[in-house]
Amino acid sequence: MNEKIYYTKPSITEKEIEYATDAARNGWGDRCYEYINRFEQGFKQHLAVNHAIATSSCTGAMHIGLAALGVGLGDEVILADTNWIATAAPITYLSATPVFVDILPDTWCIDPVQAEAAITSKTKAIIATHLYGNLCDMDALIALGNKYGIPIIEDAAEAIGSVYKGKRAGSMGMFGVFSFHGTKTLTTGEGGMFVTNNSELYETVLTLNNHGRSRNQTKQFWPDMIGFKYKMSNIQAAIGCAQMERIESLINRKREIFSFYADNLQQFNKIHLNPEKKNTLNGYWMPTVVFDKKTQITREILIDVFSKENIDARVFFYPLSSLSMFTPVANYNSYDIPTRAINLPSYDEMTKENQISIIDCIKKIINE
Ligand SMILES: *Cc1c(COP(=O)(O)O)cnc(C)c1O
């Protein structure tokens, strides 16, 4: 059997190890926030936003962000049916209802027309998830937001490196959230980031994430409201600082891996890869192949062929509304596309030979 090809794997160099070691050795007492502050500064600069708050996860960042917008019982939040559960779960933590709408067939991201059709008097926000690095139609979504007075939130967990008309994913909405889970382009093991250009929202989220203690409160141990605590540790932030210094290279490598797949696969008109539309750059977190319906190639066939070659390919997200805790919605693309799609491995240290064996697998599937 071939050596296993993982679907993702973090890129950890001496720099990450050196910074984490320094944080463990020296990052205490007066210095316990040094790497956290530095990581937030670096992230702000990279994204060109005014405010950033490092968190323990993207899920946590979304939870406090939605809470800060006042999302609560009886409210609705619109999002794409094709999503990771982490985007929907925080809506339910706040006793609000996720409203699942269909995706576009080419970007696999939320369909703005369907999003508009789902707006009611209870709609509190629309979440734009940039799936696998592919960008949502932000012009259409922001126009919707302006028309109805509804904030647009970006789930950019998968979209570091993606740029829409000169603006980085996560920097365009009322707020954006990121994940630094071990599978993501930039990692801190576990971790996340909340970003916004809105100073008032920033202050609210800062207070919420500090158990409701405002930084203007002069009394010690004095919460002004019930809050949360989704903080990142200084040691995790140290790893984040090292990754941040390497961010261009981490993104470029993702793009290079995608290009190699595309160069070898795009001649087959039976398959569709992550798009990169005019005036955008795709960070290609997860190269994905969608087979044409006519091919009758199924997810089961794909998993079978890849696992026989010891390749850790992953299934395209199931529609969230198909899960047992939600109610099915007739979102055609969200239900159809995952039945004939697969995520391909992509990690910094993968070799050309690794990629060629994956490409050979796909060619074999197409020709059978
Ligand atoms: C990874 C991911 C998350 C969750 O990130 P955590 O850091 O694990 O909470 C949220 N949304 C999307 C789209 C993701 O891919």
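To keep things clear, this report deals only with the structure shown in the data block.

### Here we look at helix 10 (residues 299-308)
Turning to helix 10, its buried residues number three or more, namely Arg-299, Leu-302, Val-305 and Phe-306. On an axial view of helix 10, the arc spanned by its buried residues comes to 135°, and they lie on one face. Those residues of helix 10 that are buried are in contact with strand 12 (288-291), strand 13 (314-315), strand 14 (341-343) and helix 12 (352-367).

### Concerning the sheet that holds strand 10 (residues 271-273)
Sheet strands pair via backbone hydrogen bonds, and the direction of the pair is either parallel or antiparallel. Ordered in space as 10-12-14-13, the four strands form an open sheet in which the pairing is antiparallel. Across the chains shown, the open sheet's two edge strands, defined by having one partner strand only, are strand 10 and strand 13. Strands strand 12, strand 13 and strand 14 of the sheet are contacted by helix 10, whose axis makes an angle of about 40° with strand 14. Relative to strand 12, helix 12 is tilted by about 5°, and along the sheet it contacts strand 10 and strand 12.

### Topic: the environment of Val-289
Tracing the chain through its elements places Val-289 in strand 12. With relative accessibility at 0%, the residue Val-289 sits in the buried group. Along the primary structure Val-289 and Leu-323 are separated by 34 residues, whereas in three dimensions their C-alpha atoms are 23 Å apart. If near-sequence neighbours (up to four positions away) are discounted, Val-289 is found in contact with Ile-271, His-272, Leu-273, Arg-340, Ala-341, Ile-342, Leu-344 and Ile-362.

### Some details on the site of the ligand
Surveying the vicinity of the ligand reveals 13 residues, the closest of which are Thr-59, Asp-155, Glu-158, Ser-179 and Lys-184. For the ligand, an oxygen atom lies 2.5 Å from a polar atom in the side chain of Thr-59. Lys-184 places a side-chain nitrogen or oxygen 3.3 Å from an oxygen atom of the ligand. When the free accessible area of the ligand is taken as 380 Å², the share hidden by the protein chains comes to 91%. The class makeup of the residues in the shell around the ligand is four nonpolar, six polar and three charged.

### Let's talk about unusual backbone geometry
Phi angles above zero are rare outside glycine, and Ala-48 is one such case at about 60°. With respect to the helices, strands and loops of the structure, Ala-48 is situated in the loop between helix 2 (34-47) and strand 1 (51-55). We classify Ala-48 as exposed; its relative accessible area is 61%. Positioned with a positive phi, His-211 is a non-glycine residue whose angle comes to about 55°. Here His-211 shows up in the loop between helix 7 (199-208) and helix 8 (234-245). Residue class for His-211 comes out partly exposed when judged on its relative accessible area of 41%.

Each value, and the rule that gives it
Residues numbered from 1 in each chain as written. Predicted model: local features only at pLDDT ≥ 70, side-chain atom pairs only at ≥ 80, totals over all residues. Heavy atoms only, no water. Buried < 20%, exposed > 50% of the residue type's maximum accessible area, 1.4 Å probe, protein only. Helix = DSSP H or I, 4+ residues; strand = E, 2+ residues; numbered from the N terminus. Arc of directions from axis to C-beta. Contact = heavy atoms within 4.5 Å. Pairing = 2+ DSSP bridges. Axes fitted to C-alpha atoms, helices over the stretch in contact; angles between N-to-C directions. Near = heavy atom within 4 Å. Polar contact = N/O pair within 3.5 Å; in protein donor to acceptor, adjacent residues only side chain to side chain. Areas by Shrake-Rupley, 256 points an atom, 1.4 Å probe, with all protein chains shown as cover. Nonpolar A, V, L, I, M, F, W, Y, C, P; charged D, E, K, R; others polar.

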